[in-house]
Protein chains: 2
Amino acid sequence: MLAHARSIHSQIGLLVEEMQLEIGPRRQGLQLFLQRLSLRSDLNGEEREALLALPGQPQRVEAHRDIVGLGDDVDHACLVLDGLVGRFAQLSDGRRQTIGLHSPGDMADLYSLMMPKAPSALHALTKATVLRIPHAALRKLTARYPAVGAAFWRDCVVDGNVMGQWLLNVGRREARGRLAHLICELAVRISRSERPSERSYPIRITQEQLADALGLTSVHVNRTLKALREEGLASLAKGQVHIEDWDALAAAAEFDPSYLGLPESRVATPALSVQGS
Amino acid sequence: MLAHARSIHSQIGLLVEEMQLEIGPRRQGLQLFLQRLSLRSDLNGEEREALLALPGQPQRVEAHRDIVGLGDDVDHACLVLDGLVGRFAQLSDGRRQTIGLHSPGDMADLYSLMMPKAPSALHALTKATVLRIPHAALRKLTARYPAVGAAFWRDCVVDGNVMGQWLLNVGRREARGRLAHLICELAVRISRSERPSERSYPIRITQEQLADALGLTSVHVNRTLKALREEGLASLAKGQVHIEDWDALAAAAEFDPSYLGLPESRVATPALSVQGS
DNA sequence: CGAAACGTTGACGCACGTCAATGATAGTGG
DNA sequence: CCACTATCATTGACGTGCGTCAACGTTTCG
């Protein structure tokens, strides 16, 4: 029926598609994104409503496919609705380095608003769905609601903080500490709490993908995972991370979540009202 | 609104200090900063004037001293007027990783506007002078001139791009490529041109500081510098980098300056192939 | 049920770290 | 301007964490 409608009239086909698989996910994704922003920025009712009214086109992406290619000139940002999405930098021989990981609710390339020519590729690590939100709509929003602009800006800054920690990770920690740190960070980011209450979280990531994020090889990630498992710190199996001993894991990682800017470690709320005037 | 007695007092103190320490440095530093912003953002006359009228207190810092400590809650951003400034993350055993290098004209911690609790330390690599610009003044500026806010935001995004490249550097390149890449990047950033015309540039950085930026040890940086020198690519001596063969150096680094978002590559479109696997 | 992707493990090599000694430079005070 | 001294650069010998290669077991999914 869907195919039939599309073959008759593509515009109507799009509308049908929207009604069937778009309206729910879109709103839900925006709500997750709003929730994420609200962890670090205060938005009033009008601003929240305007944000939730953002337009966007959902796009399904197969695993191991680029969502945005290196150097592409984009006119939209990608909000992750489902799956795991990574940002990649790579060398000519194919070796690559993940410079960011994004789960549902993250706007994976919000920075593209300020730099439309992608400096890194956006890649689906698993089968994924992203909501493509036009830059024009985002610009209109930030122009009308400066507090939303500030929230976006702050989001980019937090992404930068994460990269800084990854640099420390890759540059100065040994494999064990690197892996432990990433496991801790993802626990916090996915649970959205500095001290995750759950002892496990879902993440469908392969050891090779972990290796790309950690500046290691998959073989060494495998050995290091084994070590963490045998020490009783944490384990990864069947798309689930299990944390056996949070304190020991955080200690091995020298993990301090304050760089994520969550409410628990936020100090004074900077005067957003100044921006809004 | 923010005109407590304290801020009035500090404004007066500021004026006195300016008259004592020559009025030049502040204006000159802001001009360099404006020039840097203008490479990537368009600002009109009024916006430029307002930016140049920013208040700020110059501060001299001895070499090897923190300008902002890790975790400090700051109410100002630091514009580098003179010297070399770095951002550091570090481990408990003292090993550290530089996550950013800043020369005169760079606002080293502009992101602090959006995250006042410093996620990394700001450190003077050489004797340095920074201009401390109150957040309140910057917020007032961005509230009145959204284009300036966008320029600031874009600046933060470029800093993020640089960190992404550093991650690739540290995670996936060997020592030779890392060093070559950093030498190329600094050449471009200091000359502010994607294809620097000068064959050398001044930078007072020690091999140990290079090592901190590259995730290496000073001993290995020394060996790698020797290799680059003997290959006739580049050399570092007496606070000067000499580039003997730009093409060979850029090739060794796989250096592509487009991530720096300079005007030259806002036009050109190098279509790099992207691999999916 | 079959094939492709992913995980696991061992043997071995190498890039880079560590340790340590010595030479070169630069900043400081007399 | 010279001694004095701390910092920085250089080099060799040697250790090690991680990469490479290769084989095989396991899971996933069409």
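As shown above, the structure is provided for reference.
What comes next concerns the included structure. Owing to the predicted nature of the structure, the values given are computational and were not obtained by experimental measurement. (Residues numbered from 1 in each chain as written. Chains lettered and ligands numbered in written order. Predicted model: local features only at pLDDT ≥ 70, side-chain atom pairs only at ≥ 80, totals over all residues. Heavy atoms only, no water.)

Close to DNA strand C lie 17 residues; Gln207, Asn222 and Arg223 of chain A together with Ala175 and Thr217 of chain B are nearest. A share of 66% of the atoms of DNA strand C within 4 Å of the protein falls on sugar and phosphate groups. The side chain of Arg223 of chain A places a nitrogen or oxygen atom 2.8 Å from a base nitrogen of DNA strand C. Here Ala175 of chain B contributes a backbone N or O atom positioned 2.9 Å from a phosphate oxygen of DNA strand C. Elements represented by at least two residues in the surface near DNA strand C include exactly α9 (218–230) of chain A together with α8 (218–230) of chain B. Of the residues forming the surface near DNA strand C, the biggest block, four residues, is contributed by α9 of chain A. Within the surface near DNA strand C, the residues separate by chemical class into four nonpolar, seven polar and six charged. (Near = heavy atom within 4 Å. Polar contact = N/O pair within 3.5 Å; in protein donor to acceptor, adjacent residues only side chain to side chain. Helix = DSSP H or I, 4+ residues; strand = E, 2+ residues; numbered from the N terminus. Nonpolar A, V, L, I, M, F, W, Y, C, P; charged D, E, K, R; others polar.)

Enumeration over the complete set of coordinates arrives at zero disulfides over all chains. Distance from the sulfur of Cys156 of chain A, which forms no disulfide, to the nearest cysteine sulfur (Cys156 of chain B) is 8.3 Å. For Cys156 of chain A, a relative accessible area of 13% gives the class buried. (Disulfide = S-S within 2.5 Å. Buried < 20%, exposed > 50% of the residue type's maximum accessible area, 1.4 Å probe, protein only.)

Among the nonpolar cores identified, the biggest contains 92 residues, and Ile183 of chain A together with Ile183 of chain B are the most heavily contacted of them. Not counting residues within four places of it along the chain, the set of residues in contact with Ile183 of chain A comprises Tyr201, Leu228, Ala234, Val241, Ile243 and Leu249 of chain A. Core analysis: the next-biggest nonpolar cluster, separate from the first, contains 63 residues, Leu113, Met114 and Ile133 of chain A together with Leu141 of chain B among them. (Core = buried A, V, L, I, M, F, W, Y, C linked by side-chain atoms within 4.5 Å. Contact = heavy atoms within 4.5 Å.)

Right, let's talk about the interface of chain B and chain A for a bit. At the interface, 55 residues of chain B touch 56 residues of chain A. Across the chain B/chain A interface, buried area totals approximately 5,000 Å², and carbon plus sulfur atoms make up 66% of it. When the buried area of chain B at its contact with chain A is split by residue, Met114, Trp153 and Arg172 of chain B rank highest and sum to 20% of it. As a salt-bridge pair, Asp212 of chain B and Arg172 of chain A come within 3.2 Å of each other at their nearest N and O atoms. Counting the contacts that link chain B with chain A gives 14 residue pairs in polar contact (both at pLDDT 80 or more). Elements that contribute at least two residues to the side of chain B that touches chain A include exactly β4 (85–90), β5 (96–102), α4 (135–144), α5 (146–172) and α7 (207–214) of chain B. Looking at the side of chain B that touches chain A, the element that brings in the most residues is α5 of chain B, giving 18 residues. (Buried area = accessible area lost by both parts, 1.4 Å probe. Salt bridge = Lys/Arg side-chain N within 4 Å of Asp/Glu carboxyl O.)

As a further point, take the packing of helix α6 (residues 146–172) of chain A against α5 of chain B. Two quantities define a packed helix pair, namely the angle between the axes and the distance from one axis to the other. Contact pair α6 of chain A / α5 of chain B: the axes reach a minimum separation of 9 Å and the direction vectors enclose 20°. On the basis of the axis angle, α6 of chain A is roughly parallel to α5 of chain B. As α6 of chain A runs across α5 of chain B, the sense of the crossing is left-handed. Counted together, Gly149, Phe152, Trp153, Cys156, Val157, Gly160, Met163, Gly164, Trp166, Leu167, Val170 and Gly171 of chain A of α6 of chain A and Gly149, Phe152, Trp153, Cys156, Val157, Gly160, Met163, Gly164, Trp166, Leu167, Val170 and Gly171 of chain B of α5 of chain B form the full contact between these two elements. (Axes fitted to C-alpha atoms, helices over the stretch in contact; angles between N-to-C directions. Parallel < 35°, antiparallel > 145°, perpendicular 65-115°, else oblique. Left-handed = near helix turned anticlockwise from the far one by under 90°.)

On to the side chain of Gln165 of chain A. In this fold, Gln165 of chain A is placed in helix α6. If we ignore the near neighbours within four places in the chain, the residues touching Gln165 of chain A are Arg173, His181 and Tyr259 of chain A together with Pro119 of chain B.

Residue and element names in this part refer to chain A. Along helix α4 (residues 45–52), the residues that are buried comprise Glu47, Leu51 and Leu52. Across the axial projection of α4, the buried residues extend over an arc of 130°, all falling on one side. Regarding α4, its N-cap is Asn44, as a side-chain oxygen of that residue lies 3.1 Å from the backbone nitrogen of Glu46 further along. (Arc of directions from axis to C-beta.)

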